[in-house]
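# Results of the structural survey
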Amino acid sequence: MGETVTINTVLPAKPEIIYQIWLNSRQHSDFTGSPATIDDSEGGEFTAWNGYISGRNQILVPGQRIVQSWRTTDFPDDSPDSELELLLESFTGGTVFTLIHRNLPEDQIEDYRNGWEEHYLLPLKEYLEDYLDAENLH
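Since the model is a prediction, treat every value here as computed from it, not as a measurement. (Residues numbered from 1 in each chain as written. Predicted model: local features only at pLDDT ≥ 70, side-chain atom pairs only at ≥ 80, totals over all residues. Heavy atoms only, no water.)

### Remarks on the overall build of the chain
Per the secondary structure count, the chain includes 3 helices and 7 strands. The N-to-C order of helical and strand elements in the chain reads β-α-α-β-β-β-β-β-β-α. Since a compact globule built from 138 residues should have a radius of gyration of about 14 Å, the 14 Å found for the chain is in line with a globular shape. Here the chain holds 138 residues, and 46% of them are scored as buried. (Helix = DSSP H or I, 4+ residues; strand = E, 2+ residues; numbered from the N terminus. Rg over C-alpha atoms; globule rule 2.2 N^0.38 Å. Buried < 20%, exposed > 50% of the residue type's maximum accessible area, 1.4 Å probe, protein only.)

Have a look at this one:
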């Protein structure tokens, strides 16, 4: 354990919108296409991808930062939870989104890097574009 994935991207929405969507059970489920249950309070538990991912909200700074303990059913039983940190920084036309995923199993690092890109960031960008169109928030 101990590997880190860091991904930076620009998302086409304000930080407050991304923060809200990430911590909302229905919207998280909608953009990933898989069931999520999220208690959006500090200390609250969450599951995503129909229970494949689980954890707890450790630090929540509305519109700026989310830190969660995080694990999947693929983690070895004796391994500690990883830590997921999301940083949201306002930028002209959207948000600079930084995902830092620490303490991952060494042999799974590329799977998680690809998983974040394919199953979270690309679908989130598409969801945000549709959401902004529907809400007239451009």
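### Observations concerning the sheet that holds strand β5 (residues 65-72)
Read across the open sheet, the 7 strands follow the order β1-β7-β6-β5-β4-β3-β2; overall the sheet is antiparallel. At either margin of the open sheet sits one strand with a lone partner, and together these are β1 (3-11) and β2 (37-38). Direction of pairing for strand β3 (residues 45-48) relative to strand β4 (residues 53-61): antiparallel, over a ladder of 4 bridges. The residue of β4 that forms the bridge with phenylalanine 46 is glycine 55. The sheet strands contacting helix α1 (residues 15-22) are β1, β2, β4, β5, β6 (82-91) and β7 (94-104), and the helix crosses β6 at an angle near 150 degrees. (Pairing = 2+ DSSP bridges. Contact = heavy atoms within 4.5 Å. Axes fitted to C-alpha atoms, helices over the stretch in contact; angles between N-to-C directions.)

### Focus: the pattern of salt bridges
In the structure shown here, the tally under the stated rule is 7 salt bridges. The shortest N-O distance in the salt bridge between glutamate 45 and arginine 56 comes to 2.6 Å. You can see glutamate 45 sitting in strand β3 and its partner arginine 56 sitting in strand β4, a full 11 residues away along the chain. Arginine 65 is the partner of glutamate 85 in a salt bridge, and the nearest nitrogen-oxygen pair spans 2.7 Å. Taken together, the residues span a long stretch of sequence, with glutamate 85 in strand β6 and arginine 65 in strand β5 at a distance of 20 residues. Take glutamate 85: its relative accessible area is 8%, and that puts it in the buried class. (Salt bridge = Lys/Arg side-chain N within 4 Å of Asp/Glu carboxyl O.)

### Description of the packing of aromatic side chains
Taken as a whole and judged by the stated rule, the model has 12 aromatic pairs. Both rings, one in tryptophan 22 and one in phenylalanine 31, keep their centres 6.0 Å apart while their planes meet at 40 degrees; by these two values the pair is tilted. Of the residues examined, tryptophan 22 reaches a relative accessible area of 3% and is grouped as buried. (Phe/Tyr/Trp six-rings, centres within 6.5 Å; stacked < 30°, edge-to-face > 60°.)

By themselves, these are just geometric observations and shouldn't be taken as functional.
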